[in-house]
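Chain by chain, the residues:
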Amino acid sequence: MTLAAGTVVGGDFRIEAPLAAGGMGAVFIATQLSTGRRRALKVMHALLVSDAVSRERFLEEARVGSQIESEHVVEVVGAGVDAETGSPWLAMELLEGETLADRVARGRLSAAELAPLMQGLRHGLGRAHARGIVHRDLKPENLFIARGRGASNADSLKILDFGIAKLLQGGKTAATQNIAGSPLWMAPEQADSREIRPATDVWALGLIAFDALVGQSYWRSATDGSTLTRLLVEILTEPIEPASVRAASMAGAEVAAALPREFDAFFARCVERDPRARFRDAS
């Protein structure tokens, strides 16, 4: 999808340059005319505009994101449907930095580097869970390490893309209507349409921590060219080794030795296949 520089979307956002693209839409750097601030503007792909389900999922990101009071969730500053094209749009704070996926691609993180990022994830996701919101698609690509802007100049983790988040009615669990999520990070209950609860995100949280500290996915099927079916078999049925044992076999004893002392216990409780045995929520 391309929008020419200078195009005005939603009557207030002037396109400056493309920024990124995804399955639901394209993201542009835009200037908000009413404030002069630069924003990240997500515009739905034209081919999906006529699909009611896709439109609802796209706009849900704005509704859900605005309910979570945390500096570790990307701020949504506006949303609507462009009068000329009929395309839904979503305006967010413009972040500078990189995704956790990009950071790990340059090399694994130390425990000291990962700790403040995980604290940010715990805060933002914990606030979402307290509001009965389950992200359902946590992955390194949806976690952004934003460059510091405050007095401390410290980097800050921001959670992106609540587009397929699940709102739980009255704080209770809810059954999924379709499989949603990314296979490498998807909890077993997402693969077979069982109940979704905050502990569903906890599964991904543990795998993300392992990936960041070890520099590769916990699942062997992710690195040996296996099929999606083989990956799902591993996730759903095969024994889950302690994190340090898997890290040693995949990345070496030195990497395993660098894991925090209690990481095995933390990881094991995150990836219990029975969601009732995991940490209840991110907080």
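See the structure shown above.
Reading guide: rules and limits
Residues numbered from 1 in each chain as written. Predicted model: local features only at pLDDT ≥ 70, side-chain atom pairs only at ≥ 80, totals over all residues. Heavy atoms only, no water. 1 Å grid on protein atoms, 1.4 Å probe; cavity = no way out; pocket = protein on both sides within 12 Å on 5 of 7 lines; lining within 4 Å. Points joined across faces, edges and corners; volume = space filled by probe spheres on them. Helix = DSSP H or I, 4+ residues; strand = E, 2+ residues; numbered from the N terminus. Nonpolar A, V, L, I, M, F, W, Y, C, P; charged D, E, K, R; others polar. Buried < 20%, exposed > 50% of the residue type's maximum accessible area, 1.4 Å probe, protein only. Arc of directions from axis to C-beta. Contact = heavy atoms within 4.5 Å.

Enquirer: I would appreciate a short explanation of the layout of surface pockets in the present structure.
Expert: Here the idea is plain: a probe the size of a water molecule rolls over the atoms and shows the empty space left. Quantified by volume, the largest pocket comes out at close to 820 Å³. Around the largest pocket, the lining is made up of 32 residues, and of these Ala20, Val27, Glu141, Asn142 and Leu160 lie nearest the centre. Looking at the lining of the largest pocket, the elements that each hand over two or more residues are β2 (13-21), β3 (25-32), β4 (38-44), α1 (52-65), β6 (88-93) and β7 (97-99). Per-class residue counts for the lining of the largest pocket are 14 nonpolar, seven polar and eleven charged. Of the volumes computed, that of the second largest pocket is approximately 420 Å³. In terms of lining residues, the second largest pocket is bounded by 19 residues, among which Met118, Gln119, Leu205, Ala209 and Phe266 are the most central. Contributing elements (two or more residues each) for the lining of the second largest pocket: α3 (111-130), α5 (198-214) and α9 (263-270). Examining the composition of the lining of the second largest pocket, we find that seven residues originate from one element, α3, more than from any other. Of the residues assigned to the lining of the second largest pocket, the class counts are 15 nonpolar, one polar and three charged.

Enquirer: How do you make sense of α9 when you look at a structure like this?
Expert: An α-helical turn contains 3.6 residues, so any two residues separated by three or four positions project in the same direction. Phe263, Phe267 and Cys270 are the residues of α9 that are buried. Looking straight down α9, one finds that the buried residues subtend no more than 60 degrees of arc, so they occupy a single side. Its buried side turned inward, α9 meets α5 and α7 (243-251).

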